[in-house]
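Per-entry structural report
In case you want the letters, here they are:
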Amino acid sequence: MPGNPVLEHVSRAMAAYPVTPVRTVRTEIVSIPRTITLKLEGHSPWRSVKGRTALSLIRSVAGDLTAPDATVVESTSGNLGLALSAICRELGLRFIAVVDHRQSPVIQQAIEANGGELDWVMTPDDATTHLQDRLARVRELERDLPHAVWPNQYENDANWRIHETWTAPEFDAQVTHRAQALFAGVSTGGTLAPVPPFPAHPPRAADRRGGRQGLDGVRRGAPPPHPDRNRLQEVRVPHPGEHRRRAAGRRTAGCGLLPHPAGGHRHSGRRFQRCGTGRMSGVPLPASRGASRAVPLPGSRRPLRPDRLSPGLAGPDGPALRGAPAAPPNGSGLPRLRAGRRHHPGPQRPVRGGRIAMTESPTTNHGAAPPDSVATPVRPWSELRLTPAEAADAAALAARCAQRYDETDGAEFLLDAPVIAHELPRRLRMFMVRARLDAWPHALVVRGNPVDDASLGSTPVHWRTARTPGSRPLSFLLVLYAGLLGDVFGWATQQDGRVVTDVLPIKGGEHTLVSSSRQELGWHTEDAFSPYRADYVGLLSLRNPDGVATTLAGVPLDDLDERTLDVLFEERFLIRPDDSHLQVNNSTAQQGRAEFEGIAQAADRPEPVAILTGHRAAPHLRVDGDFSAPAEGDEEAAAALGALRKLIDASLYELVLDQGDVAFIDNRRAVHGRRAFQPRYDGRDRWLKRINITRDLHRSRKAWA
């Protein structure tokens, strides 16, 4: 089809598609030595084998996608939707993923970050018609939307043929030993295509017994797009239980693996077999009566858990390496992640139990790791990238507020802001609410906000002169975003009581904690000394020309022994205010305020507090690396705090906020800091707006008296 831009784009993408690496692991199954060769599809542009499927499906309907308002509609529950959303974004096509309530939040956020839309089908959890209901909704959209195109992964031969002609031959050429079986996670069954019909041993799809999710394509009413689909047999396997699933994760992680099925969020045992070299069959492996026991890599002592893996890349036989890829593949919709350690001297701690770590950018190699190293995605924060239309709507709303209200500190605006915030784009509001309710993210990141650098003007030389006309609408925007998370507030003892404060280098303060630049800002809970500290700290990047990174880390629960945890939960620690609350760092007019007496008292006579509070399995963290200390003479508390410091130092990772990016750091679950940088003092220095947010403003009522 000459001249078809969709077909040309897909052809270029296929030509540039990387040959995903393989890795060989030695293990034992029922005390029998086995050699397993794994094909790491996580190194592909959309981090799963579904990238190949998505390209093939789009190519098959390229002739129907030439209309300016063409819309791609597909029923999907996992990585296929992620890949389709990324491809459609690159092509400028609208994409609608029809999903049900079982949709993985991580995949959902990635699809939305690519500009894709989610059309929810609400089917009762105990029903068996999830897939049929989704397909019915797809047919409705195909009928009602002009120029809607449904690639139909369930019936389209392009699904399975791409694996017959591309995936299987590529993998077969990489296998160097005689293979006896092939395992694969399947849903529709398209990846079963390379298996030819062998009457004696048909391919088998395994599902866990008692599981409600089942095999979407194989068992839930849509036959797999396989040339011999009627011969596929289902095998039910016992539900392993949560503790056994975790044990399996530790065993695979011990070999540097974090496998997952096609949907991106299920771990049922789905497989098809391969026998001989270059041939597929249905000959099954003997049933295992014992647990597989992974053989750790040289130098490791016990298997890894995925949640213990440090960001970055590591080679199979070398120490943990830093400097992981910083940018995701084009259109992937994945966050930027750069790993690193704090500036403290001393040997780098190897990754515990092995030498494998994780990164968000598996296909990019900056010389930090050999090409056969494992790079499995990790997402320490929740992220949304606004579409241009959404970003424009949010900016217009902030501009209207800047015209109507005098200042962001004014009582009228602070009362109205939480209501006005509900005029922000719906997808943004949904993201903020859902991410706030999630228990795992260290931060919520919203990217894509427009900043006109010319209108912004020069970076001010001091926070006192930072309320500039160019930055004014962006301050209002930050308050509106914050209103979706709680109530904003300012400290009377910090930057003259401003609600929106400024973070920028001040000449002469390069090595101070208040306006440091050349000195790294150590990790800390924001205002850890105060019981009224923020629940979230918001940072809006107005300018960051050198890509200076914010550092974050969570509570390293799994690496702390029980006694150390006991001590950290006890009120045996002193936390003093940082220097930003001192009178000398505020205006002369503010220095007579009575609030500074409370700061002086907190500095001179701090009350003992606990570092960890709340539920033991998911505690809240309250610590400042530079201003925390054990109670005098408490050696056990000193040892516990020292252990915590070392673990946080070792687990720090970097989040780079580009111009227009907003991050809301969970001040209860994570500490944060900043890497050192060289200030310019030429009007182009790093400049951020900062805001404090509390979920309960009334808890500070006692402080008002």
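What counts as what
- Once a new chain begins, its residue numbering starts again from 1 and follows that chain's sequence as written.
- It should be noted that, the model being predicted, local features are given only for residues of pLDDT at least 70 and side-chain atom pairs only at 80 or more, the latter also being counted only at that level, while totals for whole chains, interfaces and linings use all residues.
- Based on all heavy atoms of the structure, the side-chain values leave hydrogens and waters out of the count.
- Going along the chain from the N terminus, every DSSP run of H or I of four or more residues is numbered as a helix, and every run of E of two or more is numbered as a strand.
- The buried label goes to any residue with under 20% of its type's maximum accessible area, the exposed label to any with over 50%, and the partly exposed label to all in between, with areas taken from a 1.4 Å probe on protein chains only.
- For this analysis, residues touch if any pair of their heavy atoms sits within 4.5 Å.
- Per-residue and other accessible areas follow the Shrake-Rupley method at a 1.4 Å probe size, with only the shown protein chains counted as cover for residues.
- Strand pairing is defined by DSSP finding a minimum of two bridges between the two strands.
- The crossover handedness rule: strands pointing away from the viewer, path from first strand over the helix to second strand clockwise, crossover right-handed.
- pLDDT gives the predictor's per-residue confidence on a scale running from 0 to 100.
- Between N or O atoms, a polar contact is any pair within 3.5 Å; within protein, one atom must be a potential hydrogen donor and the other a potential acceptor, and residues adjacent in sequence are included only when both atoms are from side chains.
- A pair of aromatic rings is counted whenever rings of Phe, Tyr or Trp (Trp by its six-membered ring) have centres within 6.5 Å, and the orientation is called stacked for planes under 30 degrees apart, edge-to-face for over 60 and tilted otherwise.
- Among buried residues, those of type Ala, Val, Leu, Ile, Met, Phe, Trp, Tyr and Cys that are joined through side-chain atoms within 4.5 Å constitute a nonpolar core.
- Here, axes are lines fitted to C-alpha atoms. For helices the fit covers the stretch in contact, and angles between N-to-C directions go from 0 to 180 degrees.
- Convention used here: angles under 35 degrees read as roughly parallel, angles over 145 as roughly antiparallel, angles from 65 to 115 as roughly perpendicular, and any remaining angle as oblique.
- Crossing handedness is read from the near helix: turned anticlockwise from the far helix by less than a right angle, it gives a left-handed crossing, and turned clockwise, a right-handed one.
- Each residue is assigned to one class: nonpolar for Ala, Val, Leu, Ile, Met, Phe, Trp, Tyr, Cys and Pro, charged for Asp, Glu, Lys and Arg, and polar for all the others, Gly among them.
- We count a salt bridge whenever a side-chain nitrogen from Lys or Arg sits within 4 Å of a carboxyl oxygen from Asp or Glu.

Once that is clear, we can look at the overall build of the chain. When helices and strands are tallied, the chain shows 17 helices and 27 strands. Scored against the burial criterion, the 705 residues of the chain give a buried share of 55%. Considering only intrachain contacts with a sequence separation of at least 6, the fraction spanning at least 24 residues in the chain is 79%. In the form shown here, the chain has an accessible surface area of approximately 29800 Å², with 52% of it arising from carbon and sulfur atoms.

Turning our eyes to something else, we now look at the pairing of strand E3 (residues 71-75). Consecutive side chains along a regular strand alternate between the two faces of the sheet. Within E3, five of the five residues are buried, which leaves the element mostly enclosed by the surrounding structure. Every second residue of E3 is oriented toward a common face, with Thr-71, Val-73 and Ser-75 on one face and Val-72 and Glu-74 on the other, all of them buried. With five bridges connecting them, E3 and strand E4 (residues 94-100) associate as parallel partners. Along E4, the bridge assignment pairs Val-72 with Phe-95. Each parallel crossover has a hand, and the one from E3 via helix H3 (residues 79-91) to E4 is right-handed. As defined by bridge partners, E3 adjoins strand E6 (residues 148-149) across two bridges and the pair is classed as parallel.

Here we come to the confidence of the model for the chain. In this model, the chain carries an average pLDDT of 74, and 67% of its residues clear a pLDDT of 70 or more. Residue range residues 196-202 is modelled with pLDDT below 50. Its contacts to residues more than four positions away, or to other chains, number 16 contacts. A low-confidence stretch, residues 207-221 stays under pLDDT 50, and its non-local contacts, those more than four residues away or across chains, total 63 contacts.

Take the side chain of Glu-526 next. With respect to the helices and strands, the residue Glu-526 is situated in the loop between strand E17 (521-524) and strand E18 (536-543). Among the polar contacts listed, one links the side chain of Glu-526 to the side chain of His-672, at a separation of 3.2 Å. Residues in contact with Glu-526, not counting those within four places in the same chain, are Arg-533, Val-537, Asn-667, His-672, Arg-690 and Asn-692.

Relative to the elements of secondary structure, Asp-119 occurs in strand E5 (residues 117-121). Polar side-chain contacts of Asp-119 include one of 3.0 Å to the side chain of Arg-137. Every residue in contact with Asp-119, bar those within four places of it in the chain, is listed here: Ile-96, Ala-97, Val-98, Val-99, Arg-137 and Leu-141.

Here we take up the packing of aromatic side chains. The full count for this structure, using the stated rule, is seven aromatic pairs. Here a set of aromatic residues connected by ring pairs shows up, and it is made of Tyr-17, Trp-46 and Trp-166.

Looking now at the pairing of strand E26 (residues 670-674). Judged by how many residues are buried, E26 sits mostly within the fold: five of five residues are covered. Along E26, one buried face is formed by Ala-670, His-672 and Arg-674 and the opposite face, lined by Val-671 and Gly-673, is buried too. Pairing geometry for strand E19 (residues 549-554) and E26, over five bridges, is antiparallel. For Thr-550, the partnering residue across the bridge sits in E26 and is Arg-674.

Leu-424, Met-432, Leu-480, Tyr-481, Phe-664 and Ile-691 are the most contacted members of the largest nonpolar core, which totals 47 residues. Going through the elements one at a time, helix H9 (388-404), helix H10 (411-420), helix H11 (426-437), strand E14 (443-447), helix H13 (472-482), E18, strand E25 (662-666) and strand E27 (687-694) are the ones with two or more residues in this core. With eight residues, H13 is the largest single contributor of residues to this core. Not counting the four nearest positions on each side in its chain, Tyr-481 is found in contact with Leu-386, Ala-394, Leu-424, Leu-428, Met-432, Val-446, Asn-449, Val-662 and Phe-664.

Glancing now at the environment of Ala-443. Here Ala-443 shows up in strand E14. Spatially, the C-alpha atoms of Ala-443 and Leu-655 are 9.7 Å apart, while their sequence positions differ by 212 residues. Once residues within four sequence positions are removed from consideration, Ala-443 is found in contact with Pro-380, Trp-381, Ser-382, Leu-552, Phe-664, Ile-665 and Asp-666.

Burial runs high along H13: nine of the 11 residues are buried. Inspection of H13 places Leu-474, Ser-475, Phe-476, Leu-477, Leu-478, Val-479, Leu-480, Tyr-481 and Ala-482 among the buried residues, and these make up the whole buried set.

Moving on: the packing of helix H1 (residues 5-16) against helix H2 (residues 50-60). Remark: H1 packs on H2, axes separated minimally by 9 Å, with the N-to-C direction vectors making an angle of 155°. With respect to their mutual orientation, H1 and H2 come out roughly antiparallel. Seen from above, H1 lies across H2 with left-handed handedness. Where H1 abuts H2, its residues Val-6, Leu-7, Val-10, Ala-13 and Met-14 lie against Leu-55, Ser-56, Ile-58 and Arg-59. Classifying every residue of the contact of H1 with H2 gives seven nonpolar, one polar and one charged.

Next up on the list: the pattern of salt bridges. Within the structure shown, the criterion is met by 30 salt bridges. Where Glu-520 meets Arg-675, a salt bridge forms, and the shortest distance between an N and an O atom there is 3.1 Å. One end of the pair, Glu-520, is in the loop between strand E16 (500-503) and E17; the other, Arg-675, is in the loop between E26 and E27, and 155 residues separate them in sequence. Overall, the relative accessible area of 10% leaves Glu-520 in the buried class.

With that settled, consider the environment of Leu-504. On the secondary structure map, Leu-504 appears in the loop between E16 and E17. Look at Leu-504 and you get buried, because its relative accessible area is 8%. For the pair Leu-504 and Lys-689, spaced 185 residues apart in sequence, the C-alpha to C-alpha distance is 8.9 Å.

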